[in-house]
Amino acid sequence: MNELGRIIQLPKIVDPRGNLTVAEELKNVPFDIKRAYWVYDVPGGESRGGHAHKRLRQLIVALSGSFHVTLDNGHERKTYLLNHPWEGLYVETGIWRTLDDFSSGAVCMVLASEPYDEDDYIYEYDDFQKYIHSQHV
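First, a word on scope: everything that follows refers to the structure included in this document. Here the residue numbers are simple positions, counted from 1 along each chain's written sequence. With pLDDT at 70 or above as the cut-off, local features in this predicted model cover only qualifying residues; side-chain atom pairs require 80 or more to be listed or tallied, and sums for whole chains, interfaces and linings still use all residues. The side-chain numbers reported here are obtained from all heavy atoms of the structure, hydrogens and water having been left aside.

## Quick word on the pairing of strand β11 (residues 107-112)
To keep things clear, this is the line we draw: Relative accessible area decides the class of each residue, using a 1.4 Å probe on protein chains only: under 20% of the type maximum gives buried, over 50% gives exposed, and in between gives partly exposed. Each helix is a run of DSSP H or I of at least 4 residues and each strand a run of E of at least 2, with the numbering of both proceeding from the N terminus. Here, any two strands with at least 2 DSSP bridges between them count as paired.
By the criterion of burial, β11 is predominantly enclosed, with five of the six residues buried. Sheet topology note: the strand β4 (residues 35-40)/β11 ladder contains six bridges and is antiparallel. Within β11, the position partnered with Val 39 by the bridge is Cys 108. Sheet topology note: the strand β6 (residues 58-64)/β11 ladder contains six bridges and is antiparallel. Its bridge partner being in β11, Val 61 is matched across the sheet by Met 109.

Okay, here's the thing in structure tokens:
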């Protein structure tokens, strides 16, 4: 069974001119980075995610503002508050994720281990449950 996420501390370089944080593949990001994208201007009350991946791993970072990420491995759920740009939530394969409660002006950046592939997504929770149980037989 996959772990329900892990917060990774990214380097925070404090500078009076403005702080800097860096994410480096295979150093503080535990995979090769094949894609980066960001979500912003999420209307109040809306959710993002609502799916799982068969192969893709992610590091989810709140670049600005805050939001909650709920992870589900088919047996348990855990919710994380992301609100620091020097912390990333590592999400393994086979984990259902939902992002919600976005603050005004929130920006969510995602670093992904794979390029976009529609076949890697599981969009229905019932299909996710079947997939998880088929992996542990």
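Back to the write-up after that little detour.
## Focus on the layout of surface pockets
Basically, it comes down to this: Computed over the protein atoms alone on a 1 Å grid, cavities are sets of points where a 1.4 Å probe fits but cannot get out and pockets are open sets with protein on both sides within 12 Å along at least five of seven lines; a residue lines them when it has an atom within 4 Å of a point. Grid points are joined across faces, edges and corners, and a volume is the space filled by probe spheres set on the points. Just so you know the grouping, Ala, Val, Leu, Ile, Met, Phe, Trp, Tyr, Cys and Pro go in nonpolar, Asp, Glu, Lys and Arg go in charged, and all remaining residues, Gly too, go in polar.
In this model, the largest pocket occupies a volume close to 220 Å³. Tyr 37, Val 39, Arg 48, Gly 49 and His 51 are the residues nearest the centre of the largest pocket, which is lined by 15 residues in total. When contributions to the lining of the largest pocket are tallied by element, the ones reaching two or more residues are β4, β5 (48-53), β6, β10 (96-100) and β11. In terms of residue count, the dominant contributor to the lining of the largest pocket is β5 (four residues). Residue composition of the lining of the largest pocket, grouped by class: eight nonpolar, four polar and three charged.

## So, the pairing of β6
Of all seven residues in β6, five are buried, a share of seventy percent or more. Here four bridges tie β6 to strand β9 (residues 87-91), and the two strands are oriented antiparallel to one another. When the sheet's bridge partners are listed, Ile 60 is paired in β9 with Leu 89.

## Digging into the pattern of salt bridges
Just so we agree on the cut-off: The term salt bridge refers to a pairing of a side-chain nitrogen on Lys or Arg with a carboxyl oxygen on Asp or Glu at a separation within 4 Å.
With the rule as written, the count across this model stands at five salt bridges. For the salt bridge of Arg 55 with Asp 120, the shortest nitrogen-to-oxygen distance reads 3.9 Å. Of this pair, Arg 55 sits in the loop between β5 and β6 while Asp 120 sits in the loop between β11 and β12 (121-122), and the two are 65 residues apart along the sequence. The class for Asp 120 is buried, based on a relative accessible area of 4%. In this structure, Arg 77 and Asp 72 form a salt bridge, with 2.8 Å as the shortest nitrogen-oxygen distance. What makes Arg 77 exposed here is its relative accessible area of 59%. Residues joined in a network through salt bridges with shared partners are Arg 55, Asp 117 and Asp 120.

## So, the nonpolar core
Rule in force here: Residues belong to a common nonpolar core when they are buried Ala, Val, Leu, Ile, Met, Phe, Trp, Tyr or Cys residues joined through side-chain atoms within 4.5 Å. Whether two residues are in contact is decided by their heavy atoms, any of which lying within 4.5 Å being enough.
Counting 18 residues, the largest nonpolar core has Ile 60, Phe 67, Val 69, Leu 71, Leu 89 and Cys 108 as its most contacted members. Among the secondary structure elements, those contributing two or more residues to this core are β6, β7 (67-72), β8 (77-82), β9 and β11. Ranked by residue count, the leading element in this core is β7, at three residues. Apart from residues lying up to four places away in sequence, Phe 67 is in contact with Ile 60, Val 61, Ala 62, Tyr 80, Leu 81, Leu 82, Leu 99, Asp 100, Asp 101, Phe 102, Val 107 and Cys 108. Among the nonpolar cores identified, the runner-up in size contains nine residues, and Val 29, Phe 31, Leu 59 and Leu 111 belong to it.

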